[in-house]
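Observations on the model geometry
Okay, here's what each chain looks like letter by letter:
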Amino acid sequence: MKFGGTSVADLDRIRNAAGRVQREVAAGHEVAVVVSAMSGVTNQLVEWCAALSPLHDAREYDAVVATGEQVTSGLMAIALQSLGVEARSWTGWQAGVQTDGAHGKARIASVDGGLLLAAMAAGQVPVVAGFQGLGPEQRITTLGRGGSDTSAVALAAALRADRCDIYTDVDGVYTTDPRITARARKLDKIAYEEMLELASVGAKVLQTRSVELAMKERVRVQVLSSFADVPGTLVVDEDEIVEQAMVSGIAYSRDEAKITLRHVPDRPGVAAAIFGPLSEAQVNVDMIVQNVSADGTTDMTFTVSRTDLPRVRAVLAEHREAIGSNTVLTDPDVAKISVVGVGMRSHAGVANIMFSTLAGKGINIQVISTSEIKVSVLIAAEYTELAVRALHTAYGLDAA
Ligand code: ADP
Ligand code: ASP
Ligand code: MG
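Just so it is clear, the model here is predicted, and its values are computed rather than measured. (Residues numbered from 1 in each chain as written. Chains lettered and ligands numbered in written order. Predicted model: local features only at pLDDT ≥ 70, side-chain atom pairs only at ≥ 80, totals over all residues. Heavy atoms only, no water.)

Another point: the site of ligand 1. Close contacts around ligand 1 come from 18 residues, with Thr168, Asp169, Tyr174, Asp177 and Arg179 the closest. Here lysine 2 contributes a side-chain N or O atom positioned 3.2 Å from an oxygen atom of ligand 1. Protein chains shield 85% of the accessible area of ligand 1, which is 570 Å² for the free molecule. The class makeup of the residues in the shell around ligand 1 is seven nonpolar, six polar and five charged. (Near = heavy atom within 4 Å. Polar contact = N/O pair within 3.5 Å; in protein donor to acceptor, adjacent residues only side chain to side chain. Areas by Shrake-Rupley, 256 points an atom, 1.4 Å probe, with all protein chains shown as cover. Nonpolar A, V, L, I, M, F, W, Y, C, P; charged D, E, K, R; others polar.)

So, in structure tokens, the structure goes:
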């Protein structure tokens, strides 16, 4: 059972979550709990690091931001104990979560569930601090924003759990973020691949890596509400879904920034000169467009996560000569809108519906990218809601 930030936002909610754990224990289940930091705490910790230094040491960032989850694991253990449930808090490293050394966005390398299994066999409910692990140099690492989902799935796999229940502030996965439109519909089931794609393009309900891991380790994941007693959404294999819509979901991400390098020489090696140093600096580049040009130079436009922008600027400045461009334009006021569905494999015209719907609303498309089951466009951030709502209607997803 994993409880997200809003589900443990204050002491009453921690009591409420503890009550749910108590019910499962009373029903005879063996339960391991994973908790996030109390809502807002991680943001505050991140802000403090950035305020001291925008290009702060990622190891120390991890030392700071990992503390949020430790607080909740202790509080949850206390809440459980006061309900008569034998419980004990565990940090990520105590629970055997080993990661690689990519501080700030580490990947879980292995989980040794031995100690937890022994505690559970002795009747204890372990309450594990999500989002954190131990790197190769014995330093605390964190798994990237939203990473407690991944902690939960990794533990579920290591403990060979029957299910991994992700308790959150919505009662399941919807056709789009229910905060954007009241017409969003709850899905009873969603295919791993669709959930993976939706998460990777911005649907924050599950962290992308948690879905990747669930798919690989065959973990049954359910997303459900920690406030209402209603069935949630099950993440399942594609063939368990009978009717395949053309588009299953729409996601948006405001966490984007667009960078344009003007007049880079149009010759072999230029893309490598730009993107090589960025990848060495651990920057993930998402969409890329390169224009043709007549005068031997070209414009290269790409997107990165907005939080990486200071680092991108620094890297581009450092490699200015090798890249051969003096003009770097950055635009943080962009959003990426994506439509996702395995049904795209068998339906034609999906992208065109998107383009004509946006055109109908007068929204300019700046960059386009596609995959087998996804079409994404970059637009001005101010049109995010308008675009999502219009597309939700255009693809026939609106609730009746
Ligand atoms: P937690 O703190 O529990 O991890 P998150 O804020 O990370 O919760 O994720 C839940 C939020 O994800 C919801 O409040 C909702 O606004 C957002 N969300 C985005 N896309 C979707 C979607 N397709 N279905 C459900 N929720 C979504
Ligand atoms: N507390 C962390 C975050 O806000 C991890 C999580 O909530 O999953 O990103
Ligand atoms: Mg989350």
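From this point on, the discussion continues.
With respect to topology, six strands assemble into an open sheet ordered β14-β15-β13-β16-β18-β17, the strand pairing being antiparallel. Either end of the sheet is taken by a strand with one partner, and the two such strands are β14 (285-290) and β17 (367-371). With strand direction ignored, the average angle separating the axes of adjacent strands in the sheet is 30 degrees. In the packing of helix α12 (residues 350-360) onto the sheet, the strands contacted are β16 (327-340), β17 and β18 (374-380), and the crossing angle to β18 comes to about 15 degrees. (Pairing = 2+ DSSP bridges. Helix = DSSP H or I, 4+ residues; strand = E, 2+ residues; numbered from the N terminus. Axes fitted to C-alpha atoms, helices over the stretch in contact; angles between N-to-C directions. Contact = heavy atoms within 4.5 Å.)

Evaluation of the coordinates by the stated rule reveals two aromatic pairs. Residues phenylalanine 3 and tyrosine 167 carry aromatic rings whose centres are separated by 4.9 Å and whose planes lie at 20 degrees to one another, so their mutual orientation is stacked. Of the two residues, phenylalanine 3 sits in strand β1 (residues 2-3) while tyrosine 167 sits in strand β9 (residues 164-168), which places them 164 residues apart along the sequence. Tyrosine 167 sits in the buried class, given a relative accessible area of 4%. With a centroid separation of 5.1 Å and 80 degrees between ring planes, the pair formed by phenylalanine 275 and phenylalanine 302 is classed as edge-to-face. Here the residue phenylalanine 275 occupies a position in helix α9 (residues 270-280), and phenylalanine 302 occupies one in strand β15 (residues 297-305), the gap between them amounting to 27 residues. The buried category is assigned to phenylalanine 302, whose relative accessible area is 0%. (Phe/Tyr/Trp six-rings, centres within 6.5 Å; stacked < 30°, edge-to-face > 60°. Buried < 20%, exposed > 50% of the residue type's maximum accessible area, 1.4 Å probe, protein only.)

Their axes nearest at 9 Å, the elements helix α2 (residues 41-52) and helix α3 (residues 58-65) cross at an angle of 150 degrees. Both α2 and α3 take part in a crossing whose hand is right-handed. Mapping the contact onto sequence places Leu45, Val46 and Cys49 in α2 and Tyr61, Val64 and Val65 in α3. (Left-handed = near helix turned anticlockwise from the far one by under 90°.)

The next subject is the packing of helix α1 (residues 11-26) against helix α4 (residues 67-82). Put simply, α1 and α4 touch, their axes get as near as 9 Å, and they point 60 degrees apart. In terms of axis orientation, α1 runs oblique to α4. The two elements α1 and α4 meet at a crossing, and its hand is right-handed. Counting all contacts with α1, which are made through Leu11, Ile14, Ala17, Ala18, Val21 and Gln22, the residues of α4 involved are Thr72, Leu75, Met76, Ala79 and Leu80. (Parallel < 35°, antiparallel > 145°, perpendicular 65-115°, else oblique.)

Attention now goes to the pattern of salt bridges. Applying the stated rule across the entire model yields 21 salt bridges. Across the salt bridge formed by lysine 2 and aspartate 149, the nearest N and O atoms sit 2.7 Å from each other. Of this pair, lysine 2 sits in strand β1 while aspartate 149 sits in helix α6 (residues 148-158), placing them 147 residues apart in sequence. Look at aspartate 149 and you get buried, because its relative accessible area is 4%. One continuous salt-bridge network, built from bridges that share partners, spans Glu193, Glu238, Arg345 and Glu372. (Salt bridge = Lys/Arg side-chain N within 4 Å of Asp/Glu carboxyl O.)

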